[in-house]
Amino acid sequence: MHRQWWSEIIGNLKEICVNKMVSPTSKGQTNMRLNFDVIIIGAGVAGLYQLHLMRQLGLSVKSFEAGSGVGGTWYWNRYPGARFDSESWTYGYSFSKELMEEWDWQEHFSSQPENERYLNFVADKFNLREDIQFNAKVISAHYMEKDRYWSLTLEDGECYTSRFLITAIGILSAPTMPTIKGIDAFKGRWFHTYHWPKERINFEGKRIGIIGTGATAVQTIQEVAKNAGNLKVFQRSPNWCAPLHNDKISKKEMDEIRSRYNEILARCRETPGCYIHSTDPRNTLDTPPDEREKFWEELYASPGFGIWQGNFNDMLNDREANALASEFIAKKIRQRVNDPVIAEKLIPKNHGFGTRRVPLETNYYEVYNQNNVELIDINDTPIQTITHNGIQTTDCEHQLDMIIYATGFDAITGSFDRIDIQGIRGKKLKEAWEDGPQTYLGVFVQDFPNMLMSMGPHAGLGNYTRTAEYSVEWIAGLVQYANEKNITEVKATTEGVKDWTDYVLGLGEGLLQNEIGSWMTGVNKNVKGKEAPRIMRYSGGHPAFREHCDAIAKDGYKQLDLS
Ligand code: NAP
């Protein structure tokens, strides 16, 4: 529905805008020329498509990307074992039929090297590279209110101006190191999983320590354990993990999947998280015990997020239902881990199944049955310091050749906080969001006109590409509208921001997911001020989110302040 509406706009307006350079000459503005109509920060999944659409509209556009290549998340996260845990064929772009015809996914849950290849393929196919400046880290973005434009400064001191600033900086792109003393003292090699080197790292026979047990660590651990001499996992909080059940995709199977792309995309459009999985209409407690056990067994044996996104309707909002689902998974962990003491340590006690993002795994639990793997519960023996030789806990010094920090991200707002973003009257975004993000539709922030966030806080998130495509198209529609009408400033109203923020906070109340600290609730114990859970995401389901945003666009953006 939305795609059709968007294609019409592109069709009608393409000609109007070709080669039109913004020249801010209306009402009191000086007759100066800006470098670009639009600057996009980031050349990941959202940024690449945003660039493509801006160019299709004939706007002058530049993307600044901190990495030396495209891909964002799939450029940086090269750690061993990194892969999708949404089905590959639901994660690819859908905006180009030709692209979908040309690209064959090799695995149902594609690995990082393949994902990076895919995004490079996209960049080449649509000639996107020519408008991307790589190794270009944006350090500040200031709004010039008199002349209504953004002025950006890169790390190397270069400055650029544009009418619109579009942030496509991701939700998990501000990695954080633990606040443990002595990290630099370590004489071996150490990496944060996000900053994994491009060269191949050999673990053979090495003594390796890994800190963290989130989705990234789980993928890393199960891979590194294959040939590490010794792997010590320093765990603070276990997570509920479930089997991925990945498999290769044959040519024949890919052709079959391709023939169903319309159906697959339609399915993703109707589910709350834009995955192919959607909650079962039944309630846990209304379902007879043997029937629900059978259902859970089926889910546990099925690939992907079904067990999380396709579970009983009440699993994430009814404590009793959640406790039963958690007990089912706990039973599986006990079955898979030989040592009952270790099994208990791997079972979360502070949150229920699915209330944090569920890491998907392949033989993760069996890793702890291997002689070369040791689980160290740092609640029993806290880490005191990183030493020259390894990790010192209250128990002993663990001698290591390599330390892997799988310690996560300052999620959702962290990548904004790391840029000095200033709106009208020099208002700093970081300060404005000190008590939590406030946005309109997850796109606009009060007092930051012409800044449009692709996949911003309080937007509808889920299967990343599915939700990002929508976000990118909505923003492109607005930019196009502004150009057509010679509008030089777009901003949300005060009431708009207040109402949307209150609405999102209200929607999130009562959900078990919002009670527990995790990146999804903006918690990062390594970042000051981010210790308590907050509602960071719209939780009304993506179909409702789209309905809301579509209505605003169709109504000529009357709810915005356009001038
Ligand atoms: P995470 O879920 O935030 O996990 C970070 C881990 O590091 C946690 O176990 C945390 O423990 C631990 N940690 C942090 N600081 C520590 C410290 N000072 N001392 C000891 N432990 C510390 O981050 P992540 O694993 O990188 O995953 C983040 C998200 O990225 C995932 O949930 C997922 O959405 C996404 N991701 C996606 C994929 C995929 O699509 N395939 C793969 C990987 C990740 P506490 O829990 O106690 O804080």
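The coordinates are above.
Below, the structure is looked at part by part. Values in this document were obtained by computation on a predicted structure and should not be read as measured data.

1. Topic: the overall build of the protein
- When helices and strands are tallied, the protein shows 19 helices and 20 strands.
- In terms of overall dimensions, the protein is globule-like: its C-alpha atoms have a radius of gyration of 24 Å, near the 24 Å expected for 563 residues.
- When its C-alpha atoms are laid out on the principal axes, the protein stretches across 75 × 55 × 45 Å.
- By the burial criterion, 60% of the 563 residues in the protein qualify as buried.
- Contacts in the protein between residues far apart in sequence, at least 24 positions, make up 71% of those at least 6 positions apart.
- Looking at the protein as shown, the accessible area adds up to about 22700 Å², and 48% of this sits on carbon and sulfur atoms.

2. Focus on the pattern of salt bridges
- With the rule as written, the count across this model stands at 41 salt bridges.
- A salt bridge links glutamate 223 to lysine 226; the shortest N-O distance between them is 3.1 Å.
- A relative accessible area of 28% places glutamate 223 in the partly exposed class.
- Residue lysine 226 is classed as exposed on the basis of its relative accessible area, which comes to 61%.
- Note that glutamate 366 and arginine 336 form a salt bridge whose closest N and O atoms lie 2.8 Å from each other. Note that glutamate 366 is positioned in helix α14 (residues 364–367) and arginine 336 in helix α12 (residues 319–336), a separation of 30 residues in sequence.

3. Points about the site of the ligand
- Residues in contact with the ligand amount to 24 residues; listed here are only the nearest, Arg83, Thr216, Arg236, Ser237 and Trp519.
- Between the ligand and threonine 213, the relevant distance is 2.9 Å, taken from an oxygen atom to a main-chain nitrogen or oxygen of the residue.
- Between the ligand and the protein, one listed contact pairs an oxygen atom with a side-chain N or O atom of threonine 216 at 2.6 Å.
- Isolated, the ligand exposes 910 Å² of accessible area, and the fraction of that covered by the protein chains is 86%.
- Here the element with the most residues in the shell around the ligand is helix α7 (residues 215–224); it accounts for 3 residues.
- Grouping the amino acids of the shell around the ligand by side-chain chemistry returns 10 nonpolar, 9 polar and 5 charged.

4. Structural notes on empty space enclosed by the protein
- According to the stated counting rule, one finds 3 cavities of 30 Å³ or more in the structure shown.
- Each pocket or cavity is described by its volume, and for the largest cavity that value is around 80 Å³.
- Around the largest cavity sit Trp89, Gly92, Tyr93, Leu99, Met100, Trp103, Trp105, Tyr118, Tyr261, Leu265 and Arg466, which together line it.
- Those elements giving two or more residues to the lining of the largest cavity turn out to be α5 (97–102) and α9 (261–270).
- Partitioning the lining of the largest cavity into residue classes produces 9 nonpolar, 1 polar and 1 charged.
- What the second largest cavity holds in volume is close to 50 Å³.
- As for the second largest cavity, its lining consists of Val45, Trp74, Phe84, Tyr91, Tyr93, Trp105, Asn115, Tyr118, Leu119 and Thr465.
- The element best represented in the lining of the second largest cavity is helix α6 (residues 112–125), accounting for 3 residues.
- Taken together, the residues that form the lining of the second largest cavity break down as 8 nonpolar, 2 polar and no charged.

5. Side note on the nonpolar core
- Formed by 77 residues in total, the largest nonpolar core has its most connected members in Met54, Tyr93, Phe444, Leu452 and Trp474.
- Top element by residues in this core is helix α17 (residues 464–484). It accounts for 10 residues.

6. Re the sheet that holds strand β14 (residues 390–393)
- Sheet architecture is open: 3 strands sit in the order β13-β14-β15, paired in antiparallel fashion. Looking along the sheet, the strands with just one partner apiece sit at the ends: β13 (383–386) and β15 (397–399). Ignoring which end each strand starts from, the neighbouring axes of this sheet average 25° apart.
- When β13 meets β14, the two strands line up antiparallel, connected through 3 bridges. Looking at the pairing, threonine 385 lines up with glutamine 392 of β14.

7. Considerations on the environment of methionine 54
- Along the chain, methionine 54 turns up in helix α2 (residues 45–56).
- Along the backbone, methionine 54 and glycine 477 are 423 residues apart, and their C-alpha atoms lie at a distance of 9.7 Å.
- Residues contacting methionine 54, with those up to four places away along its chain left out, are Val38, Ile40, Leu59, Val61, Ile166, Ala476 and Val479.

8. Points about the packing of helix α10 (residues 289–300) against α12
- At their nearest, the axes of α10 and α12 sit 11 Å apart, and the two run at 55° to each other. When the axis of α10 is compared with that of α12, the two are oblique. For α10 against α12, the interelement crossing comes out right-handed. Listed contacts from α12 to Arg292, Glu293, Trp296, Glu297 and Tyr300 of α10 are Leu324, Ala325, Phe328, Ile329, Lys331, Lys332 and Arg336.
- Partitioned by chemical class, the residues of the contact of α10 with α12 number 6 nonpolar, no polar and 6 charged.

9. Looking at the sheet that holds strand β12 (residues 373–377)
- On the basis of which strands lie adjacent, the open sheet formed by 5 strands has the order β7-β16-β8-β9-β12 and parallel pairing. One side of each edge strand has no neighbouring strand; the edge strands of this open sheet are β7 (189–192) and β12. In this sheet, neighbouring strand axes are inclined to one another by 15° on average, regardless of whether the strands run parallel or antiparallel.
- Bridge count for strand β8 (residues 207–211) against strand β16 (residues 402–405) is 4 bridges, and the pairing is parallel. Along β16, the bridge assignment pairs isoleucine 208 with methionine 402.

10. Notes on the packing of α17 against helix α19 (residues 542–554)
- Where α17 contacts α19, the axes come no closer than 11 Å and their chain directions differ by 10°. Classified by the angle their axes make, α17 and α19 are roughly parallel. Listed contacts from α19 to Thr467, Tyr470 and Trp474 of α17 are His542, Phe545, Arg546, Cys549, Asp550, Ile552 and Ala553.
- Counted by class, the contact of α17 with α19 contains 6 nonpolar, 2 polar and 2 charged residues.

11. Considering α12
- The end-to-end C-alpha separation of α12 is 26 Å, in line with the 26 Å expected for 18 residues at 1.5 Å each.
- Looking only at α12, the buried set comprises Ala321, Asn322, Ala325, Ser326, Phe328, Ile329, Ala330, Lys332, Ile333 and Arg336.
- Contacts made by the buried residues of α12 are with β10 (242–243), α10, α11 (306–309), α13 (340–346), β11 (360–361) and α14.
- Structurally, the start of α12 carries an N-cap: the backbone nitrogen of glutamate 320 is 2.9 Å from a side-chain oxygen of aspartate 318.

Parameters at a glance
Residues numbered from 1 in each chain as written. Predicted model: local features only at pLDDT ≥ 70, side-chain atom pairs only at ≥ 80, totals over all residues. Heavy atoms only, no water. Helix = DSSP H or I, 4+ residues; strand = E, 2+ residues; numbered from the N terminus. Rg over C-alpha atoms; globule rule 2.2 N^0.38 Å. Buried < 20%, exposed > 50% of the residue type's maximum accessible area, 1.4 Å probe, protein only. Contact = heavy atoms within 4.5 Å. Areas by Shrake-Rupley, 256 points an atom, 1.4 Å probe, with all protein chains shown as cover. Salt bridge = Lys/Arg side-chain N within 4 Å of Asp/Glu carboxyl O. Near = heavy atom within 4 Å. Polar contact = N/O pair within 3.5 Å; in protein donor to acceptor, adjacent residues only side chain to side chain. Nonpolar A, V, L, I, M, F, W, Y, C, P; charged D, E, K, R; others polar. 1 Å grid on protein atoms, 1.4 Å probe; cavity = no way out; pocket = protein on both sides within 12 Å on 5 of 7 lines; lining within 4 Å. Points joined across faces, edges and corners; volume = space filled by probe spheres on them. Core = buried A, V, L, I, M, F, W, Y, C linked by side-chain atoms within 4.5 Å. Pairing = 2+ DSSP bridges. Axes fitted to C-alpha atoms, helices over the stretch in contact; angles between N-to-C directions. Parallel < 35°, antiparallel > 145°, perpendicular 65-115°, else oblique. Left-handed = near helix turned anticlockwise from the far one by under 90°. Expected span 1.5 Å × (residues − 1).

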